[in-house]
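# Descriptive analysis of the structure
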Amino acid sequence: MIQLLLEPFQYNFMQIALVTSIVVGIVTSILSCFIVIRGWALLGDAISHSVLPGIAIAVALNVPLVIGALVAGIGSSLLIGYTETKFKVRNDTAIGIVLTGAFALGLVILSRLRPTVDIFHVLFGNVLGVTYDELLFTSASASIVLIIVGLFMKEIVVYTFDPIYAKVIGLPASLIHYMLMSLLSLCIVASIQTAGIILVVSLLIAPGATAYMFAGRMSQMFSISLLAGVVSVIIGLYISYYFAVSSGGAIALVATLIFFVSSMVKLLRTSALR
Amino acid sequence: MSALEITDLTVRYQSITALTGVSLNVKIGEMVAVVGPNGSGKSTLFKTIIGLVRPTNGKILIFGREPRTVRGRTAYVPQKEEVYWDYPLTVWDLAAMGKIKTVGILKGVPKGDRSVAEALRAVGMEDLAERKISDLSGGQQQRAFLARSIVQGADLYLMDEPLAGLDADAEDKLFDVLLELKRKGKTIIMSTHDISSTLELFDGVLLLKGRVIAYGRPREVLTEENMKLVYGSERVAMHLGDVRRVAKWD
Ligand SMILES: Nc1ncnc2c1ncn2[C@@H]1O[C@H](COP(=O)(O)OP(=O)(O)OP(=O)(O)O)[C@@H](O)[C@H]1O
Ligand SMILES: [Mg+2]
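This one's a predicted model, so the numbers in the text were calculated from it and none came from an experiment. (Residues numbered from 1 in each chain as written. Chains lettered and ligands numbered in written order. Predicted model: local features only at pLDDT ≥ 70, side-chain atom pairs only at ≥ 80, totals over all residues. Heavy atoms only, no water.)

## A few points about the overall build of chain A
- Counting secondary structure elements, chain A contains 13 helices and 0 strands.
- Counted from the first residue to the last, chain A has its helices and strands arranged as α-α-α-α-α-α-α-α-α-α-α-α-α.
- Taken over C-alpha atoms, the radius of gyration comes to 19 Å for chain A, in line with the 19 Å a tight globule of 274 residues would show.
- Looking at chain A as a whole, 51% of its 274 residues are labelled buried. (Helix = DSSP H or I, 4+ residues; strand = E, 2+ residues; numbered from the N terminus. Rg over C-alpha atoms; globule rule 2.2 N^0.38 Å. Buried < 20%, exposed > 50% of the residue type's maximum accessible area, 1.4 Å probe, protein only.)

## What about a nonpolar patch on the surface?
All names here are of chain A.
- A grouping of Leu-4, Leu-227, Val-231, Ile-235, Ile-239, Tyr-242, Phe-243 and Val-245 is seen on the molecular surface, where their side chains present a nonpolar patch of about 700 Å² in accessible area.
- Topologically, Phe-243 is positioned in helix H12 (residues 218-243).
- For Phe-243, a relative accessible area of 60% gives the class exposed. (Patch = residues over 30% accessible without salt bridge, like charges linked within 9 Å, V, L, I, M, F, W, Y side chains within 5 Å. Areas by Shrake-Rupley, 256 points an atom, 1.4 Å probe, with all protein chains shown as cover. Salt bridge = Lys/Arg side-chain N within 4 Å of Asp/Glu carboxyl O.)

## Topic: the sheet that holds strand E2 (residues 16-27) of chain B
All names here are of chain B.
- Pairing in this open sheet of 3 strands is antiparallel, and the strands run E2-E1-E4 from one edge to the other. The sheet is open, and its two borders are formed by E2 and strand E4 (57-62), each paired with just one other strand. The sheet shows a mean angle of 15 degrees between the axes of neighbouring strands, taken without regard to direction.
- Pairing between strand E1 (residues 2-13) and E4: 5 bridges, direction antiparallel. Counterpart to Leu-4 in the pairing with E4 is Ile-62. (Pairing = 2+ DSSP bridges. Axes fitted to C-alpha atoms, helices over the stretch in contact; angles between N-to-C directions.)

## Description of the pairing of strand E3 (residues 31-35) of chain B
All names here are of chain B.
- Judged by how many residues are buried, E3 sits mostly within the fold: 5 of 5 residues are covered.
- Side chains of E3 alternate between two faces, with Met-31, Ala-33 and Val-35 and Val-32 and Val-34 buried alike.
- Looking at chain direction, E3 and strand E8 (residues 204-208) are connected through 4 bridges and run parallel. Following the sheet pairing, Val-34 is matched in E8 by Leu-206.

## Some thoughts on the site of ligand 1
Residue and element names in this part refer to chain B.
- Neighbouring residues of ligand 1: 14 residues in total, closest Gly-39, Lys-42, Ser-43, Thr-44 and His-193.
- The separation between an oxygen atom of ligand 1 and a polar side-chain atom of Lys-42 is 2.7 Å.
- Here an oxygen atom of ligand 1 and a side-chain polar atom of Ser-43 are 2.8 Å apart.
- The protein chains hide 64% of the 640 Å² of surface that ligand 1 would expose on its own.
- Listing elements by their share of the shell around ligand 1, those giving two or more residues are E2 and helix H1 (42-49).
- Looking at which element gives the most residues to the shell around ligand 1, the answer is H1, with 3 residues.
- Residues belonging to the shell around ligand 1 are distributed by class as follows: 4 nonpolar, 8 polar and 2 charged. (Near = heavy atom within 4 Å. Polar contact = N/O pair within 3.5 Å; in protein donor to acceptor, adjacent residues only side chain to side chain. Nonpolar A, V, L, I, M, F, W, Y, C, P; charged D, E, K, R; others polar.)

Printed below as a string of structure tokens:
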């Protein structure tokens, strides 16, 4: 058994993959808490999709991917807000339109550049091919996100819980909002190699959703979410290695399973109590 | 100096004019009720005072100053629908939010903080400090929000329909807290649909229907003619007769 668990990590690429995945698991599960509490699942989905044209344009212009992705992520959240308030459409409609429009734009551009960028890897991740430099980049992005969330935790909680109160007492509410959107974009960029921009959404929703069922306070919410997220990426990585399946797919699948299994446990427990 | 001074306030949302020419003067330490039917502009009035809605015309002074400059002194207790109740926060967490501007950026509120503990005691929630807010009753939620405002050190309390859905006992408990705040010189303005003898507890009643129908002492404002102007229904006017009798105004 131990043998089975350790075997993959005699390879350097697996060690890098493991560390990268854990880093991604940590940062996504922290943001996941806010996304789930605020019902931003669809918004997270939209931002991750809109990262695609950002990456495409960055490739075309030969600027760092992270810049393109950040601009696209923040730009799309602004566009969603603008569409919703100015054109008077419902929030989910605005998100749906921006999401598909941006994704289509990215696909169109990338299909012209195909030889240089593997769309499949951008969309679904390829953690077994992570290089050491990419690991450093992922860790740096994740650290930035975690540090900012840690420093402004109070403000983020107040804003996400009661946005009107935040405004009334003079907190910079829109600044906090767009900071969160930027962090989300950065987190998605950091996760491209591990889970891909489509499947990272599962790590941005499932761990928080799992935690939400059991947590009585924020600290519990974060710990449970972290546990679910990190366990998902580790198990997913093993599955990916032993069964030679897509890493992003395996990780997302485990995260989803953990959510459903804990839901069942909770359901059985509450009905047993009655 | 007045706690709140509004002159000729007009608020328009695109095509709808929600408030027209509203002038109002609330003195420090007064408790005022804003009464009017659905859509009469009560929430709009509050949102304009706290700066969420920009007035088309008119002037608002809070403690004689521009609202922007006295933000920490105004507390707003939102209508129930406006916050995310499912948030995994305890009553203590909610009350401690009142310190967010004073505790300083990058720091947390210490668990043993005195002002939070005192505020929770003031609203009678000290035993429920560790309770999750989604597990509170409506009355307890209102008092938890009041605790946050007290921690914040607010001097002007704006409450949008805090009595909605409260039973008589919860209402009593809320008024106990409010009257205590009033005794400490705080100013309280609340909207309500509850036309009952509790209005007797207020110093002033503002009868609103897109504009000021009447403003003054409860017994002077809550007359049959005024109520007919606002509600246009005989039933409300009859109900008013009972209210006046219970309050011994007639
Ligand atoms: N954001 C908005 N956009 C457009 N019109 C609005 C908006 N908010 C309120 N209104 C309109 O302004 C008027 C006053 O609404 P407001 O919510 O202030 O009334 P209210 O007295 O609080 O009603 P209720 O007792 O139902 O809470 C109504 O006609 C309403 O339709
Ligand atoms: Mg209202």
